[in-house]
Every structure is written in structure tokens, then in C-alpha cells.
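Residues per chain are reported as follows:
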Amino acid sequence: MNFYKSLILGIAAISMISTSAIAADYKFVNGYPTPETVKQAYDDSDLNRAIVAYKFFYPTVAFSAGFETFKTLEIKPNDGAALTVGTPKQTVFTPNSDTPYAFIPVDLSDGPVVIDMPAGPIMGAVNDMNEGWVLDYGLPGPDAGKGGKHLLLPPEYHGKVPDGYFIGRATTNKVVLLLRALPIGGDNEKAIELMKSVKIHDMDNNWIVDNWVDISDKSADFTPNKIERNIGYWEQLNKIIDNEPANEAYRNYYGELAGLGIIKGEKFKPDSRMKQILEKAAITANDQMRVQSFADRRPDRVVWKDRKWEWATLRPENGTFDTKNYRDLDARAKWFYQAMVESPAMFRRASGQGSVYWLGTRDEDGAYLDGSKTYKLRVPLTVPAKLFWSVTVYDINDRSEIATDQNKAALRSLFELKDADGKYVDLYFGPSAPAGKENRWIKTIPGKGWFTYFRVYGPTDAAFNGKWKPGDFEEVK
């Protein structure tokens, strides 16, 4: 018997064994299921449905949970904005401390909202409660940093759209506007003043956002971490389904939710059986997303074949994970488990005013990064960044900036590394700083894993064609 025939017969045998094993769980008498099989089949079906729904609606739950955090900061939609220079005190999925930020909650229920952008080194994006991209503005947007008026339309708006605006239509009434300004010369105050010069108001100028609240030193959790592994996840999802217009593109997934008892306009009241299934699904799906994020097996994750770095986002074509023929749900799930906000400017892999993110989880030998060990990362100079670059460290558990008594999670070209010169710069990561390297070191936590994003803003061709690449993390004995 030749090799190929043996292989085919072997695969057939495995297939028969697998099919038999699966079928053995369900028993039928005269073609009808036994009572035990009825219960098991429905439990299995509901669990599978819940796992699929959990992964698909994760960005919706994550962003809507974060939106509610504005209440704890006494920031109202269409009134206030949260300003921060970015510290580990705020829990946000993979944020950075490169520039000052502003997060602005907006409610479109009463009609369109105008974003009047000034000219200058400022950028931003709008995402709705489905964490769907609505609009970019500033440097990566259609105004290209020259200033311009942008108009946000509610999902069910059918009125006249005026001329002279860059238009974005949301799938939900609640949206979040994100702003960031470049601290030219390391001057954060000037960058913050530039952000405050953005005018956000309704079309009739009945109100304007003018309450800018500095949360840099405040603790605030903008993630779903507290509810992502329990029934709270489904309660939050039910709330957003009830309070926002249905998204036509989600009809099939609303059907999955209906089978779980989550239906717009109806009370969500799972019995003890369904609650148990939903909580099991939350834990299982969350664990599966963690595996996919930090043990990805896709070949297209690799940036350079001789390095351990991976693409943080697997779809560069647009900001919505769409390919020519389908939506890449695996890439979508991986991104939103690690990060918040989608935008074409964050995903594209081309020279320009956008950005590129590389994910680092392993050292040069392929072992996961360990907070008990000390590592060196060698970065060749000059980094191919027209604007700036940084390396930021994240806690593996909450996917937010690592929180230590150093109160710092990033090494940045605009600040700590602005005087770096020569052929390369060495960066250090570990529980204590190597002698004389304190200003180029990030503290890690023994007994905890961590990962990093290497960000390049305004990447040039060398960031993509292999002419430049960072080293891998090398353990320092």
C-alpha cells in the first residue's frame, strides 16, 4: 500500500471515529430524541449560539460600558470632554501616552452634530456604540490637517444634508469623539489648547461642548473588564440593544440574541438554566479571544520572518475589517479584545500621515514576555517615522498600561528618547533598571506577563519594505 493511499484511509478512519464520537452523545429511539438528548442538544445549541454572539458583540459591549464611565466623571454628552495626558491610572485597552487625548461623549438623538476642526497638528476619529468607524478628521482625515467642518448624522436621519461638510453617519445615536494633538517640542500645554479650540456643537448653535475636564490624575475604567466574564456582559448588551436603533447589518446576529432571550423592546429575564449557559459562554468566549490574541496561528500575523513581531491589526485594507468577499471576524475579534477604536488611519500599511502598530508578546527565543525577567530591545536609528514613535507596555490581564510605582508605561521619541542618537538605542524592561539605564527603562511586575505595542506615526516606506526593523526582546541575564 503506497503512502498516499495509507494517508487517505487514515484520514477516513479518523473522520469515522470523530463522527461516531460526536453522534454518541445524542440518542434516538425510532428516530425520535430521548429526553436526555433533547436537553443536551438544546444546551449545546444555546451555548454555541452564545459564544458566537459574545465574540461578535464584544466591541459593542466594550464601548457602551466605557461610555457609561463618563457619568462617574460627571461629564455629560454634548457638554463635556475628558482630557488626559495618558497614565496607567486610566484603564483603557492599549492606550498610549504619546500625546494628550480628549474623549468626548456625544448624543445624536436630537439631530446632526458639527465638528469644526482648526488647522494644525491635530487628529481624531469618531466611533459609535458598535465601535464602528464613522469619520476621521485632522491629519489623517479628509481635511488633512488644514481645518474643516465635519458633520455627524444620526442613524435614522432623513433630513437635508448641507453642503460644505465632510460627512459621517453613525449606526447608533451615542458616539465618542477622540482627539489628540501633537506636542511639538514636547509642549503638552500647547497641544491641549489646540484641542480645546475644536468647536463641537449642534447645527443651530444651541449648545457647544465647552466643559474640558482633566482626568490625568483620576482613576477611571473605560473597559468591560468587570463584566466581561459574567452575566453583566449580557445585561449590558441587552441595555444597548434596547436603547439604540437596530443596525440592519446585524440582523442575523440579532436572531442569535433572540434565541438567548435578548430582544429589543422585551424584558431580559433568563431563567437559571439560561443564566448558567450565558455565564459559561462569557468565560469560554473570553478565553478563546485571549488565546487568539496572544497565541495567534494565522501566518499573516508575522511582520518580518526573522522577528517575533506581529501586526497588531490583521486587516490593512480599511477600518472595518472588510475584505472583497467577507468580513474578517477573527481579525475583528482579535483587535477589539486588545484595543479600542477602529479607523482606516490606524490600520493602513502605507507611507503617509497614518500610523502602524506592531504587537510584541515573545522574546527572541519565542517565550512569552515575563515580568520577572529583564529584557533589552535594540531599536535601530533612525526610526522611519515622520511624526514620532513609541514603545508602550501593557498588563496582560486588563490590556491597559502596566501600573507600577514608576507610574509610567511608555518610552517615547517626543520625550524620553528625543535625544537618542547614533546607530541604535537600547530600551530596557524588567522589575528593576539596569545600572545607568533608568531613563530608558519600563518597570514590569514579577509573576505577571506583559506585552507591548511598537507604534510609528507618519511611517515611511522603510517601515514596510524591510529596510528597517526593530530587534527582538533579548533577555538580560
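Calculation criteria
Residues numbered from 1 in each chain as written. Predicted model: local features only at pLDDT ≥ 70, side-chain atom pairs only at ≥ 80, totals over all residues. Heavy atoms only, no water. 1 Å grid on protein atoms, 1.4 Å probe; cavity = no way out; pocket = protein on both sides within 12 Å on 5 of 7 lines; lining within 4 Å. Points joined across faces, edges and corners; volume = space filled by probe spheres on them. Helix = DSSP H or I, 4+ residues; strand = E, 2+ residues; numbered from the N terminus. Nonpolar A, V, L, I, M, F, W, Y, C, P; charged D, E, K, R; others polar. Salt bridge = Lys/Arg side-chain N within 4 Å of Asp/Glu carboxyl O. Core = buried A, V, L, I, M, F, W, Y, C linked by side-chain atoms within 4.5 Å. Buried < 20%, exposed > 50% of the residue type's maximum accessible area, 1.4 Å probe, protein only. Contact = heavy atoms within 4.5 Å. Axes fitted to C-alpha atoms, helices over the stretch in contact; angles between N-to-C directions. Parallel < 35°, antiparallel > 145°, perpendicular 65-115°, else oblique. Left-handed = near helix turned anticlockwise from the far one by under 90°. pLDDT = per-residue confidence, 0-100. Pairing = 2+ DSSP bridges. Arc of directions from axis to C-beta. Polar contact = N/O pair within 3.5 Å; in protein donor to acceptor, adjacent residues only side chain to side chain.

## Looking at empty space enclosed by the protein
And step 1. Evaluated as defined, the whole model comprises two cavities of 30 Å³ or more.
And step 2. Taken as a whole, the largest cavity encloses approximately 670 Å³ of empty space.
And step 3. Around the largest cavity sit 41 residues that line it, and Y101, F103, L178, M340 and V341 are the ones nearest its centre.
And step 4. Per-element accounting of the lining of the largest cavity gives the leading share, five residues, to helix α2 (residues 35–72).
And step 5. Broken down by class, the residue content of the lining of the largest cavity amounts to 24 nonpolar, 13 polar and four charged.
And step 6. Residue lining of the second largest cavity: 13 residues in total, with N130, I240, I241, E244 and Y254 positioned closest to the centre.
And step 7. When contributions to the lining of the second largest cavity are tallied by element, the ones reaching two or more residues are α2 and α4 (232–243).
And step 8. For the lining of the second largest cavity, a count of residues per class yields eight nonpolar, four polar and one charged.

## A short note on the pattern of salt bridges
And step 1. Inspection of every chain in the model, using the stated rule, returns 28 salt bridges.
And step 2. Ionic pairing is found between E68 and K239, a salt bridge with its closest N-O pair at 3.2 Å. In this pair, E68 is assigned in helix α2 and K239 in helix α4, connecting sequence segments 171 residues apart.
And step 3. With a closest N to O distance of 3.1 Å, K469 and D306 form a salt bridge.

## A few points about the nonpolar core
And step 1. Core analysis: the biggest nonpolar cluster contains 101 residues, and W234 and W358 have the highest contact counts within it.
And step 2. The residues touching W358, leaving out its near neighbours within four places in the chain, are V303, W304, W309, E310, W311, A312, T452, Y453, F454, V456, A463 and W468.
And step 3. If you look at the next biggest cluster of nonpolar residues, it comprises 28 residues, including A102, L135, A191 and I192.

## Concerning the packing of α2 against helix α6 (residues 272–294)
And step 1. Orientation of α2 relative to α6, taken along the N-to-C sense of each, is 50°, at an axis distance of 8 Å. Here α2 is positioned oblique relative to α6, judged by the angle of their axes. The element α2 and its partner α6 pack so that their crossing is right-handed. Contacts between α2 and α6 involve Y42, D43, D46, L47, A50, I51, Y54, K55 and Y58 on the former and, on the latter, R273, M274, I277, L278, K280, A281, A282, T284, A285, N286, Q288 and M289.
And step 2. Classifying every residue of the contact of α2 with α6 by side-chain character gives 13 nonpolar, three polar and five charged.

## Thoughts on the confidence of the model for the protein chain
And step 1. Summing up the model confidence of the protein chain, the mean pLDDT is 92 and the portion of residues at 70 or higher is 95%.
And step 2. In this model residues 1–24 is a low-confidence stretch, pLDDT under 50, and it forms two contacts with partners more than four residues away in sequence or in other chains.

## Some thoughts on the side chain of N173
And step 1. Checked against the element boundaries, N173 lands in the loop between β10 (166–169) and β11 (174–181).
And step 2. With residues near it in sequence (within four places) discarded, N173 still touches V106, D107, L108, S109, P154, P155, E244 and P245.

## Considering the sheet that holds strand β18 (residues 385–395)
As a general point, the strands of a sheet are linked pairwise by backbone hydrogen bonds and lie either parallel or antiparallel.
And step 1. Taken in spatial order, the five strands make up an open sheet running β15-β16-β22-β18-β19, and their pairing is antiparallel. Since the sheet does not close on itself, it has two edges, and those belong to β15 (310–311) and β19 (410–412), each with one partner.
And step 2. Here β18 runs beside β19; their pairing, made up of three bridges, is antiparallel. Bridge assignment links V391 to a residue of β19, and that residue is L411.
And step 3. Strands in contact with helix α7 (residues 329–338) are β15, β16 (355–360) and β22 (450–459); relative to β16, the strand with the most contacts, it is inclined by about 85°.

## Describing α7
And step 1. By the criterion of burial, α7 is predominantly enclosed, with eight of the ten residues buried.
And step 2. Listing the buried residues of α7 in full gives A331, R332, A333, K334, W335, F336, Y337 and Q338.
And step 3. Here the buried face of α7 lies against α2, α6, β15, α8 (344–347), β16 and β22.

## As for helix α3 (residues 188–196)
Every α-helix winds through 3.6 residues per turn, so residues three or four apart in the chain are directed the same way.
And step 1. Every buried residue of α3 is accounted for by A191, I192, L194 and M195. Each buried residue of α3 sits inside an arc of 155° when the element is viewed along its axis, so together they form one side. Facing away from the buried side of α3 by over 90 degrees, the exposed positions are E189 and K190.
And step 2. Buried positions along α3 lie against β3 (80–84), β5 (101–107), β7 (122–128), β11 and β13 (211–214).
And step 3. Two to three positions downstream of the cap, the backbone nitrogen of E189 sits 3.1 Å from a side-chain oxygen, assigning the N-cap of α3 to D187.

## A short note on the layout of surface pockets
And step 1. Estimates place the volume of the largest pocket at around 350 Å³.
And step 2. As for the largest pocket, its lining consists of 15 residues, of which K55, Q292, L329, D330 and A333 are closest to the centre.
And step 3. Among the elements of the structure, α2, α6 and α7 are those that each provide at least two residues to the lining of the largest pocket.
And step 4. Looking at which element gives the most residues to the lining of the largest pocket, the answer is α7, with four residues.
And step 5. For the lining of the largest pocket, a count of residues per class yields seven nonpolar, two polar and six charged.
And step 6. Quantified by volume, the second largest pocket comes out at close to 240 Å³.
And step 7. Residue lining of the second largest pocket: 16 residues in total, with S64, F67, E68, K71 and K174 positioned closest to the centre.
And step 8. Taken together, the elements giving at least two residues each to the lining of the second largest pocket come down to α2 and α4.
And step 9. Among the elements that line the lining of the second largest pocket, the one with the most residues is α2, at five residues.
And step 10. Here the lining of the second largest pocket is built from residues that sort into six nonpolar, three polar and seven charged.

## Describing the sheet that holds strand β20 (residues 424–430)
And step 1. Overall, mixed pairing links the four strands, which are arranged β21-β20-β17-β23 in an open sheet. Strands at the two margins of the open sheet, each flanked by one partner only, are β21 (441–443) and β23 (473–475). If you compare each strand with its neighbour and ignore which way they point, the axes differ by 25° on average.

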